Amino acid sequence: MGHDVVCVDNDELKVAALQGGDTLIFENYLPELLERYRNIKIRFTTDLAEATRNSEAIFIAVGTPQGETGDADLSYVEAVACEIARSITSYKVVVEKSTVPVYTNEWISRTFERNGVSPELFDVVSNPEFLREGTAVSDFLHPDRIVVGANSERAAKVLQTIYRPLTSGEYYSRAASIPGSCSMSEPPPLIVTSTKSAEIIKHASNAFLALKISFINAVSNLCEAADANVQQVALGMGLDRRIGPRFLSPGIGYGGSCFPKDVAAFRSVAEQLGIDFQLLSEIEKINLHQRKRFLKKVRSALWTLREKRIGVLGLAFKGETDDVRDSPATDLVQMLLAEGCTIAAFDPAAMKRAADILPADANLRYADSAYDAARDADALLILTDWKEFSSLDLSKLNKMLRYPIIIDGRNMFDPQVMMKNGFTYLSIGRPTVYPLRDLDATSK
Ligand code: UDX
């Protein structure tokens, strides 16, 4: 956007890797942007004091892991706030970017004052991010909205200036801009709220998206019981503009580093404020139940599980990422191993990370390709919605399998196509289909 950025981390290895041009994570557009601006507009250091002295705005983006009771562990935020406080000599805007519970802003201010920083020398602003993994760069540069929670006009102005290239539309007219949904004529809006409202906007948004997923998952179970088709139901619901079509894909439940943690943290915030928000517990309950239901589905297709050979496609918590944190896919692999299955798993990017939590052994093999995972398997499971899975050669897949059974936890295929290709195909919230030639089974 044109700013000079210095990134600080206390992990020397990470800083060295970034200085050398390694992005460390699997993220679209990041390698080319880093290449374009490294050592020109962006640099990396472990020296927080120097970075603080030379910056007008300081974004805190450290982790806020889940504590034992579901609440967010804010010790990293506090530690970094203390360190920043020790280096402040002129006015700074401190921006909380990490997902934090309401009141964190006040705690950061208190920490600064306790460390001897005069209130005129800083403002704390909440500027939540709404980035999805894999598309974080486009989400950042083409946001639906920018939220600035500021209790001071001076601080709000600094943030408005930082985001002006986006809100004025000027960024989108540049030759080298990253493409996306915003444009010169339709730039994103920036809203200024109180700091507490901004903190709640972040948690409430993530909880609402998780609610949408759990809602459609519950509806998919109802569709299965009623012999209806959840895909048709979601289409019919989503065309209502008040509902919208996105985040209505049923599956094996949401995972990742955000939704599970943020719903739990929001529930914990509600509890601490004395608010009865049972709905949040229901969202979590439906989500975990969805994995167990899928295991039942596998059992219903294979009768018994002990010593069955299962091929697994997908280990990441969603497609197009190598992240396996709180992945429903790895969780299901663990459940299947506990049932005595032998597994051959394939993921286009997440196998290395998956092997850290699920090392290969006599019962778990990491396959070279999707076809290799299917080789001689009693059934093939699809657990992550990688785009490339939808273009697999179905007749080749059929020949690799011992029995042509696919149990799809992400509804990636059209049941009619699967039927024509000779598969018994079970998916989520849609009627099971049987190979066309198997007349006995189709009439079941
Ligand atoms: C999410 C939010 O979307 C983002 O705004 C926030 O900043 C961080 O958390 P992310 O965790 O990257 O982003 O993944 P997202 O694409 O939202 O998917 C989360 C999980 O929900 C995945 O496991 C995905 O498979 C699942 N999901 C998503 C569904 O099961 N159905 C859907 O319709 C959408």
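Keep in mind that what you see is a predicted model, and the values were worked out from it rather than measured.

### Examining the domain arrangement of the protein
Buried accessible area, meaning the area lost when the parts come together, often serves as the stated size of an interface. The domain architecture assigned to the protein consists of domain 1 (132-193) and domain 2 (205-444). Here the C-alpha centroids of domain 1 and domain 2 sit 35 Å apart. Between domain 1 and domain 2, the contact holds 4 residues from the first and 9 residues from the second. Roughly 430 Å² of surface becomes buried between domain 1 and domain 2 when both sides are summed, with 29% attributable to carbon and sulfur atoms. At the surface where domain 1 touches domain 2, the tally comes to 1 salt bridge. With its nearest N and O atoms 3.6 Å apart, the salt bridge here joins Glu 133 to Arg 325. Counting across the domain 1 and domain 2 interface gives 3 residue pairs in polar contact (both at pLDDT 80 or more). Looking at side-chain class alone, the side of domain 1 that touches domain 2 contains no nonpolar, 1 polar and 3 charged residues.

### Things to note about helix H1 (residues 12-19)
Buried residues of H1: Val 15, Ala 17 and Leu 18, and no others. Buried residues along H1 cover an arc of 160 degrees about the axis, so they all sit on one side. Turned more than 90 degrees away from the buried face of H1 sit Glu 12 and Leu 13, all of them exposed. Measuring from the backbone nitrogen of Leu 13 back to the side-chain oxygen at the start of H1 gives 3.0 Å, which picks out Asp 11 as the cap. Positioned one or two residues after H1, Gly 21 has a phi angle of 95 degrees, which is positive.

### Comments concerning the sheet that holds strand E8 (residues 309-313)
Spatially, E10-E9-E8-E11-E12-E13 is the arrangement adopted by the 6 strands of the open sheet, whose pairing is parallel. Whereas interior strands pair on both sides, the edge strands pair on one side only; in this sheet they are strand E10 (364-366) and strand E13 (424-426). Shown here is a sheet whose adjacent strand axes are inclined to one another by a mean of 20 degrees, direction ignored. Together, E8, strand E11 (379-382), strand E12 (405-408) and E13 form the strand contacts of helix H11 (residues 278-302), whose direction differs from that of E12 by roughly 165 degrees. Its contacts with the sheet put helix H12 (residues 328-338) on E8, strand E9 (342-346), E10 and E11, and the angle it makes with E9 is roughly 160 degrees.

### Quick look at the site of the ligand
Close to the ligand lie 18 residues, the nearest being Leu 131, Glu 133, Ser 249, Phe 317 and Arg 410. One of the backbone N or O atoms of Gly 255 is found 3.0 Å from an oxygen atom in the ligand. Within the complex, 92% of the 670 Å² of free accessible area of the ligand lies under protein. A total of 3 residues in the shell around the ligand trace back to one element, the largest contributor, which is helix H8 (residues 195-226). Its residues assigned to classes, the shell around the ligand comprises 9 nonpolar, 3 polar and 6 charged.

### Regarding the packing of H11 against H12
Running from N to C, H11 and H12 point in directions that differ by 50 degrees, and their axes come no closer than 10 Å. With respect to H12, the element H11 is oriented oblique. The element H11 and its partner H12 pack so that their crossing is right-handed. Along the contact surface, H11 presents Arg 291, Phe 294, Leu 295 and Val 298, while H12 presents Pro 328, Asp 331, Leu 332, Met 335 and Leu 336. Residue composition of the contact of H11 with H12, by class: 7 nonpolar, no polar and 2 charged.

### Side note on the pattern of salt bridges
Once their charged atoms are close, side chains differing in charge can pair, the charge on each being opposite to the other. The final tally for this structure, using the stated rule, is 24 salt bridges. One salt bridge connects Arg 43 with Glu 50, and the closest N-O pair in it is separated by 3.1 Å. Here Asp 323 makes a salt bridge to Arg 325, at a shortest N to O gap of 2.8 Å. Ionic contacts of the salt-bridge type, sharing partners, join the residues Glu 106, Arg 110 and Lys 196 into one network.

### Some points on H8
If you check H8, its first and last C-alpha atoms are 46 Å apart, about what 32 residues at 1.5 Å a residue would give, namely 46 Å. Looking at the residues trailing H8, positive phi occurs at Asp 227, about 60 degrees.

### With respect to the pairing of strand E5 (residues 122-126)
Where burial is concerned, most of E5 is hidden: 5 out of the 5 residues are buried. Residue alternation in E5 divides its side chains into two sets, Phe 122, Val 124 and Ser 126 and Asp 123 and Val 125, and both sets are buried. As paired strands, strand E4 (residues 92-96) and E5 are joined by 5 bridges and run parallel to one another. Note that in E5 the partner of Glu 96 across the bridge is Ser 126.

### As for the packing of helix H10 (residues 259-272) against H11
The geometry of H10 relative to H11 is characterised by a closest axis approach of 9 Å and an angle of 155 degrees between their N-to-C directions. Judged on the interaxial angle alone, H11 and H10 are roughly antiparallel. For the crossing formed where H10 meets H11, the hand is left-handed. Note on element contacts: H11 touches H10 through Leu 280, Ser 281 and Glu 284, opposite Pro 260, Val 263, Ala 264, Phe 266 and Arg 267. A per-class count over the contact of H10 with H11 returns 5 nonpolar, 1 polar and 2 charged.

### Description of the environment of Ala 85
Within the secondary structure, Ala 85 is located in helix H4 (residues 75-87). A C-alpha to C-alpha distance of 9.9 Å links Ala 85 and Ser 118, two positions 33 residues apart in sequence. Excluding residues within four positions of it along the chain, Ala 85 makes contact with Phe 112, Asn 115 and Val 117.

### Here we look at a nonpolar patch on the surface
Taken together, the side chains of Tyr 103, Trp 107, Leu 273, Ile 275, Phe 277 and Leu 279 define a hydrophobic patch exposed on the protein surface, amounting to about 570 Å² of accessible area. Counting through the fold element by element, Leu 279 comes out in helix H11. According to the relative accessible area criterion, Leu 279 is partly exposed, its value standing at 43%.

Each value, and the rule that gives it
- Residues numbered from 1 in each chain as written.
- Predicted model: local features only at pLDDT ≥ 70, side-chain atom pairs only at ≥ 80, totals over all residues.
- Heavy atoms only, no water.
- Domains from an automatic or database assignment.
- Contact = heavy atoms within 4.5 Å.
- Buried area = accessible area lost by both parts, 1.4 Å probe.
- Salt bridge = Lys/Arg side-chain N within 4 Å of Asp/Glu carboxyl O.
- Polar contact = N/O pair within 3.5 Å; in protein donor to acceptor, adjacent residues only side chain to side chain.
- Nonpolar A, V, L, I, M, F, W, Y, C, P; charged D, E, K, R; others polar.
- Buried < 20%, exposed > 50% of the residue type's maximum accessible area, 1.4 Å probe, protein only.
- Helix = DSSP H or I, 4+ residues; strand = E, 2+ residues; numbered from the N terminus.
- Arc of directions from axis to C-beta.
- Pairing = 2+ DSSP bridges.
- Axes fitted to C-alpha atoms, helices over the stretch in contact; angles between N-to-C directions.
- Near = heavy atom within 4 Å.
- Areas by Shrake-Rupley, 256 points an atom, 1.4 Å probe, with all protein chains shown as cover.
- Parallel < 35°, antiparallel > 145°, perpendicular 65-115°, else oblique.
- Left-handed = near helix turned anticlockwise from the far one by under 90°.
- Expected span 1.5 Å × (residues − 1).
- Patch = residues over 30% accessible without salt bridge, like charges linked within 9 Å, V, L, I, M, F, W, Y side chains within 5 Å.

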